[in-house]
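Next come the chains, spelled out residue by residue.
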Amino acid sequence: MSDTISLEQIDQIASQIRSRTKHQPAVGIILGSGLGELASAVEDADVIPAGEVNGWPVSTVKGHQGRLILGNLESQPVFVLQGRVHYYEGYSMAQVGLPVRVMQRLGIQTLIVTNAAGAVNPEFEPGDLMLITDHLNLIGLGGLSPLRGPNLDELGPRFPDMSRAYDRELMALARRCAAEENILLREGVYAGLAGPAFETPADLRFLRLIGTDAVGMSTVPEVTVARHGGTRVLGISGISNKANLDGETVTTHEEVLEAGRILVPKLTKLVRAVLRSM
Ligand code: HPA
């Protein structure tokens, strides 16, 4: 699989999407495992199956429908991606970051990224929402980056700053909206791993030691691409399970999808409130 993607390839995909919708999105929203239902709230929606867009990476994972939805949510023009792709599926890092690149070329200024994550912080419970305040780029520290290869100078710098990966104003807004909507919003650091195997208890104790609150297999590459291109990011994890630090419980994908049913109504309420006050 191609490890780098040119601006021409990105623009070719953007123009396919432009030809199928009149909407000009300002906000991109990526929906994580089991969280796809938020897409049904989009009004005046143009729905494009991912497989109909030449070059678009199509998700192979249960719980990821693989649809591009352009329309309005709380009067904001949005591009909702229902079903992302992950590195573990066999896609290159560049392909994992491609949807964000296309969103940028279509004009989005803000990215709201969501995921399902395991709670490493012992105070967090399945069904909690967590505002991502920062991330640990463990997949990147291991050498994998969606920015590897020739830098796309038109989009951003060779060495992008990541000191404020998650936008402070958007975090403040999310806190305010959660309080107004009576939603408990946890906060913490998301550690992004490659997966697909869940962590061993020793992995998890290590992750806790280095400051992890929640762990997952996505988000970090997309946020890296977003920040490279100057897109503001709001990140929200849906806590789907307690990570198994003591080795006494097991984590399953079914559990992750089941938690989505509790998380979706809360996440929908929060994202709507954020969009309303943006
Ligand atoms: N570990 C890694 N990824 C995950 C988890 C987990 O416990 N839950 C949901 N995604």
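The sections below set out a description of the structure shown in this document.

What counts and what doesn't
Residues numbered from 1 in each chain as written. Predicted model: local features only at pLDDT ≥ 70, side-chain atom pairs only at ≥ 80, totals over all residues. Heavy atoms only, no water. Core = buried A, V, L, I, M, F, W, Y, C linked by side-chain atoms within 4.5 Å. Buried < 20%, exposed > 50% of the residue type's maximum accessible area, 1.4 Å probe, protein only. Helix = DSSP H or I, 4+ residues; strand = E, 2+ residues; numbered from the N terminus. Contact = heavy atoms within 4.5 Å. Expected span 1.5 Å × (residues − 1). Near = heavy atom within 4 Å. Polar contact = N/O pair within 3.5 Å; in protein donor to acceptor, adjacent residues only side chain to side chain. Areas by Shrake-Rupley, 256 points an atom, 1.4 Å probe, with all protein chains shown as cover. 1 Å grid on protein atoms, 1.4 Å probe; cavity = no way out; pocket = protein on both sides within 12 Å on 5 of 7 lines; lining within 4 Å. Sits in = over half its atoms within 2 Å of the grid points. Points joined across faces, edges and corners; volume = space filled by probe spheres on them. Nonpolar A, V, L, I, M, F, W, Y, C, P; charged D, E, K, R; others polar.

1. Focus on the nonpolar core
By size, the foremost hydrophobic cluster in this structure holds 76 residues, and its most contacted members are Ile 17, Ile 29, Trp 56, Leu 68, Val 102 and Leu 270. The element that contributes the greatest number of residues to this core is helix α7 (residues 253-277), accounting for 9 residues. For Leu 270, the residues in contact, after removing those within four places along its chain, are Leu 129, Ala 174, Cys 177, Ala 178, Ile 183, Leu 185 and Ile 236. Within the second largest apolar cluster, 8 residues are counted, among which are Val 120, Leu 204, Leu 207 and Val 215.

2. Overview of helix α2 (residues 93-105)
With 13 residues, α2 extends 18 Å from end C-alpha to end C-alpha; this agrees with the ideal 18 Å at 1.5 Å per step. Among the 13 residues in α2, 12 count as buried, and that is most of the element. Along α2, the residues classified as buried are Met 93, Ala 94, Gln 95, Val 96, Gly 97, Leu 98, Pro 99, Val 100, Arg 101, Val 102, Met 103 and Gln 104. Buried residues in α2 make contact with α1 (7-18), β1 (27-31), β4 (76-82), β5 (110-119), α3 (138-141) and α6 (220-228). Where α2 ends, the next residue or the one after it, Gly 107, has phi of about 110°, a positive value.

3. Thoughts on the site of the ligand
In the region of the ligand, the neighbouring residues are Ala 116, Ala 117, Gly 118, Phe 198, Glu 199, Val 215, Gly 216, Met 217, Ser 240, Asn 241 and Val 256. A distance of 3.3 Å separates a nitrogen atom of the ligand from a polar atom in the backbone of Gly 118. Here Asn 241 contributes a side-chain N or O atom positioned 2.7 Å from a nitrogen atom of the ligand. In the complex, 95% of the free accessible area of the ligand, which totals 260 Å², lies under the protein chains. For the ligand, the cavity whose grid points lie within 2 Å of the majority of its atoms is the largest pocket. Elements supplying a minimum of two residues to the shell around the ligand: β5, β8 (214-216) and β9 (232-242). Element by element, the count of residues in the shell around the ligand is highest for β5, at 3 residues.

4. Digging into the side chain of Thr 21
Note on placement: Thr 21 falls in the loop between α1 and β1. Residue classification places Thr 21 among the buried positions, given a relative accessible area of 13%. Polar side-chain contacts of Thr 21 include one of 2.6 Å to the side chain of Asp 46. Those residues in contact with Thr 21 that lie beyond four places of it in its chain are Asp 46 and Leu 70.

5. Quick notes on empty space enclosed by the protein
Inspection of the entire model under this criterion finds 1 cavity of 30 Å³ or more. Its volume calculated, the largest cavity comes out at about 70 Å³. Contributing to the lining of the largest cavity are 14 residues, with Tyr 87, Met 217, Ser 218, Thr 219 and Pro 221 lying nearest its centre. Considering every element that reaches the lining of the largest cavity, the biggest residue donor is α6, with 3 residues. Looking at the lining of the largest cavity residue by residue, the class counts come to 8 nonpolar, 4 polar and 2 charged.

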